[in-house]
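Each chain, letter by letter, is given below.
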Amino acid sequence: MMLYILRHAAAEEAASAGDDGARKLTERSKEKMRGAASGLRAMGLKFNVILTSPLVRAAETAEIVSAAYENTQPPQVLPALATGVAAADAVAALRAFSKHEDVMIVGHEPQLSAIASILLTGAGDVAHLKLKTGGCITIDLPTRFERGGGELRWMLTHRQLRAMRK
């Protein structure tokens, strides 16, 4: 099973009293993410399911990836991918999707790096990764979302993903 961990693209600045969950992607970051999604497709990747945080910036990112794969199902919101949810709880929620071969999750830092650390090492604070906006990590997992045992296949920035489309 392959897990693709994608951090949302760059979002607009938070308004002084605004709702963080309502922050949208900037027009420039949408364009860059379309290029990164084209890069994912050019690499021959496929996704049985795309799961997203309920926050607007992550949902918009997931929709851009889904649109690059015209005949895929729309992204599904997974509340455990929201900010403030413990990475271990997110991993537990992901177990319901272990029947799929290729799963993409779209969310936020530091949760995504902690999820990767749990799946690679068994603990959320051992592997110190920092996923940049629009960046993606791919982990080859045993048949279930278990602690440890995953194998890091690659980690690419959105710029590197965009370069793959050529």
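Cut-offs used in this document
Residues numbered from 1 in each chain as written. Predicted model: local features only at pLDDT ≥ 70, side-chain atom pairs only at ≥ 80, totals over all residues. Heavy atoms only, no water. Buried < 20%, exposed > 50% of the residue type's maximum accessible area, 1.4 Å probe, protein only. Helix = DSSP H or I, 4+ residues; strand = E, 2+ residues; numbered from the N terminus. Pairing = 2+ DSSP bridges. Axes fitted to C-alpha atoms, helices over the stretch in contact; angles between N-to-C directions. Parallel < 35°, antiparallel > 145°, perpendicular 65-115°, else oblique. Left-handed = near helix turned anticlockwise from the far one by under 90°. Contact = heavy atoms within 4.5 Å. Nonpolar A, V, L, I, M, F, W, Y, C, P; charged D, E, K, R; others polar. Salt bridge = Lys/Arg side-chain N within 4 Å of Asp/Glu carboxyl O. Arc of directions from axis to C-beta. Polar contact = N/O pair within 3.5 Å; in protein donor to acceptor, adjacent residues only side chain to side chain.

The next point concerns the pairing of strand 2 (residues 49-52). Residues of strand 2 alternate between two faces, with V49 and L51 on one and I50 and T52 on the opposite face, all of them buried. Where strand 2 meets strand 4 (residues 102-107), 4 bridges bridge the pair, whose relative direction is parallel. Opposite I50, over in strand 4, you have M104 as the bridge partner. Where strand 2 and strand 3 (residues 76-77) come together, 2 bridges link them in parallel fashion. Directly across from L51, in strand 3, lies its bridge partner Q76.

This next bit is on the packing of helix 3 (residues 87-94) against helix 4 (residues 111-121). Interaxial distance between helix 3 and helix 4 falls to 9 Å at its minimum, and their mutual angle equals 65 degrees. By the angle between their axes, helix 3 is roughly perpendicular relative to helix 4. Judged by the twist between their axes, the crossing of helix 3 over helix 4 is right-handed. Within the contact between the two elements, helix 3 uses A87, A88, A90 and V91 and helix 4 uses Q111, A114, I115, I118 and L119. Here the residues of the contact of helix 3 with helix 4 are counted per class, giving 8 nonpolar, 1 polar and no charged.

A separate point is the pattern of salt bridges. Taken as a whole and assessed by the stated rule, the structure comprises 7 salt bridges. Between R57 and D20 there is a salt bridge, with its nearest N and O atoms 3.1 Å apart. Here R57 is found in helix 2 (residues 56-68), whereas its partner D20 is found in the loop between strand 1 (2-7) and helix 1 (27-42), with 37 residues between them in sequence. Judged by relative accessible area, which is 34%, D20 ranks as partly exposed. Residue R153 is joined to D140 by a salt bridge in which the shortest nitrogen-to-oxygen separation is 2.5 Å. Here D140 lies in strand 5 (residues 136-140) and R153 lies in strand 6 (residues 151-156), a separation of 13 residues in the sequence.

Among the residues of helix 3, A87, A90, V91 and L94 are the ones counted as buried. Seen from one end, helix 3 has its buried residues packed into an arc of 100 degrees, which puts them on one side.

For the rest of this paragraph, the subject is unusual backbone geometry. Following E109, the chain continues to P110 via a peptide bond in cis, the omega torsion being 5 degrees. Along the polypeptide, P110 turns up in the loop between strand 4 and helix 4.

Once that is clear, we can look at the environment of S98. Along the chain, the position of S98 falls in the loop between helix 3 and strand 4. In sequence terms S98 and F145 are 47 residues apart; their C-alpha atoms lie 6.5 Å from each other. One polar contact links the side chain of S98 to the main-chain carbonyl oxygen of R95, over a distance of 3.0 Å.

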